[in-house]
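Close look at the chain arrangement
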Amino acid sequence: MQYLQYNCSANLKTLNHITHLFSGYSFRGKVKHLPQGDLAVIQLKDLQEDYSTIGTQLTRVNAEAVKRKYYLQKGDVLFVSKGANNRALVYHLDLPRATASSSFFIFRCDRTQVEPGYLAWFLNAPLTQHKLKQNLTGTYTLNLNRSVLEQLEIVLPSLEQQRKIASLDQLMQTEKNLSRELMRKREHFVQTLLSNSLNPDQ
């Protein structure tokens, strides 16, 4: 689905006018898991299903180690700022406290202007992704500069239309994830049959 070639008659605003953008928390070295930790940390390794969902086996640390301004809120849009897969997804986990690592930028939306699901869709849309990849910097680790994102223009239809687009995009992503799971189960089933055929007495 593409709401692109962006409708020029629609409202256009840069992201710095409709969101508060901040970086994830920068830990010193590897994040060490504390079983009794009361703050979950979302890292790149926790993203699943083509960067569309967040896994549940999150590393935990003590909350006092991270300033509250880095705590996530439901509806925050997490954007992968490092590497070549610069995808966005909406944070919606039911966790008392969570933060994201510095591999992410976090968009906190002005909900009177933009829906988080719509913003995530817009950032993942092919035309936006093409623009962003033209601005990647770095030799060994690719990065997106914060100012590039802040000045990125977004098409803003009505909030009702934004919700419809976000809802349809979520349905499509759910269908993709179910298809992947079906393929995994089918492959496992076939491989089991083939393996058993080598041992007919079992």
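Everything below is about the structure printed above this text.
Residues numbered from 1 in each chain as written. Predicted model: local features only at pLDDT ≥ 70, side-chain atom pairs only at ≥ 80, totals over all residues. Heavy atoms only, no water.

With respect to the sheet that holds strand 3 (residues 39-42)
Cut-off, in case you're wondering: Here a strand pair is declared whenever DSSP counts at least two bridges between the two strands. Here a helix means four or more residues in a row that DSSP labels H or I, a strand means two or more in a row labelled E, and each is numbered from the N terminus. Note on geometry: axes are C-alpha line fits, over the in-contact stretch for helices, and angles between N-to-C directions span 0 to 180 degrees.
Taken in spatial order, the three strands of this open sheet run 6-3-9, and their pairing is mixed. Looking along the sheet, the strands with just one partner apiece sit at the ends: strand 6 (59-61) and strand 9 (98-100). Across the sheet, the mean angle separating the axes of adjacent strands is 35° when strand polarity is ignored. Bridging between strand 3 and strand 9 involves three bridges; their strand directions are parallel.

Observations regarding helix 4 (residues 159-197)
Spelled out, the test is: Take the residue count of a helix, subtract one, and multiply by 1.5 Å to get its expected span. Exposed residues in this analysis have more than 50% of their type's maximum accessible area, buried residues have under 20%, and partly exposed residues fall in between, with area computed by a 1.4 Å probe over protein chains only. Working rule for contacts: check all heavy atoms of both residues, and any pair within 4.5 Å makes them a contact.
Compared with an ideal rise of 1.5 Å per residue, which puts 39 residues at 57 Å, helix 4 spans 57 Å between its outermost C-alpha atoms and is within 8% of the ideal. Within the span of helix 4, buried status applies to Gln162, Ile165, Ala166, Gln173 and Asn177. As for helix 4, its buried residues are in contact with strand 5 (53-54), helix 1 (116-124) and strand 11 (153-156).

What to know about the side chain of Asp76
Test applied: In protein, a polar contact requires one atom able to donate a hydrogen and another able to accept it; more generally it is a pair of N or O atoms within 3.5 Å, and residues adjacent in sequence count only if both atoms are side-chain atoms.
For Asp76, the location among the structural elements is in the loop between strand 6 and strand 7 (77-80). Within the local environment of Asp76, its side chain forms a polar contact with the backbone nitrogen of Gln73, the two atoms lying 2.8 Å apart. A polar atom in the side chain of Asp76 sits 2.7 Å from the side chain of Arg108. If near-sequence neighbours (up to four positions away) are discounted, Asp76 is found in contact with Leu89, Val90, Tyr91, Ile106, Phe107 and Arg108.

Describing the packing of helix 1 against helix 2 (residues 126-133)
To be explicit about the condition: Should an angle fall under 35 degrees it is called roughly parallel, over 145 degrees roughly antiparallel, and 65 to 115 degrees roughly perpendicular, with every other angle called oblique. We call Asp, Glu, Lys and Arg charged. Ala, Val, Leu, Ile, Met, Phe, Trp, Tyr, Cys and Pro are nonpolar, and the rest, Gly among them, are polar.
Taken N-terminus to C-terminus, the directions of helix 1 and helix 2 make an angle of 60°; their axes are 5 Å apart at the nearest point. Relative to helix 2, the element helix 1 lies oblique. Residue-level inspection shows Phe122, Leu123 and Asn124 of helix 1 in contact with helix 2, the latter providing Pro126, Thr128, Gln129 and Leu132. Among the residues making up the contact of helix 1 with helix 2, the classes are represented as four nonpolar, three polar and no charged.

Here's the deal with the packing of aromatic side chains
Heads up, the rule is: The pairing test for Phe, Tyr and Trp rings, Trp by its six-membered ring, is centres within 6.5 Å, and the orientation test on the planes gives stacked under 30 degrees, edge-to-face over 60, and tilted for anything in between.
Taken as a whole and judged by the stated rule, the model has six aromatic pairs. Ring centres 5.6 Å apart and planes at 35° place the aromatic pair Tyr118 and Trp121 in the tilted group. Here the residue Tyr118 and the residue Trp121 both occupy positions in helix 1, the gap between them amounting to three residues, near one helical turn. The residues Tyr118 and Trp121 share a single accessibility class, namely buried.

Here we look at the sheet that holds strand 2 (residues 19-23)
As summarised here, the arrangement of the four strands in space is 2-10-7-8, forming an open sheet in which the pairing is antiparallel. Only two strands of the sheet have a single partner each, and these edge strands are strand 2 and strand 8 (88-90). Strand-to-strand, the axes of this sheet are offset by a mean angle of 25°, without reference to chain direction. Where strand 2 and strand 10 (residues 104-109) come together, five bridges link them in antiparallel fashion.

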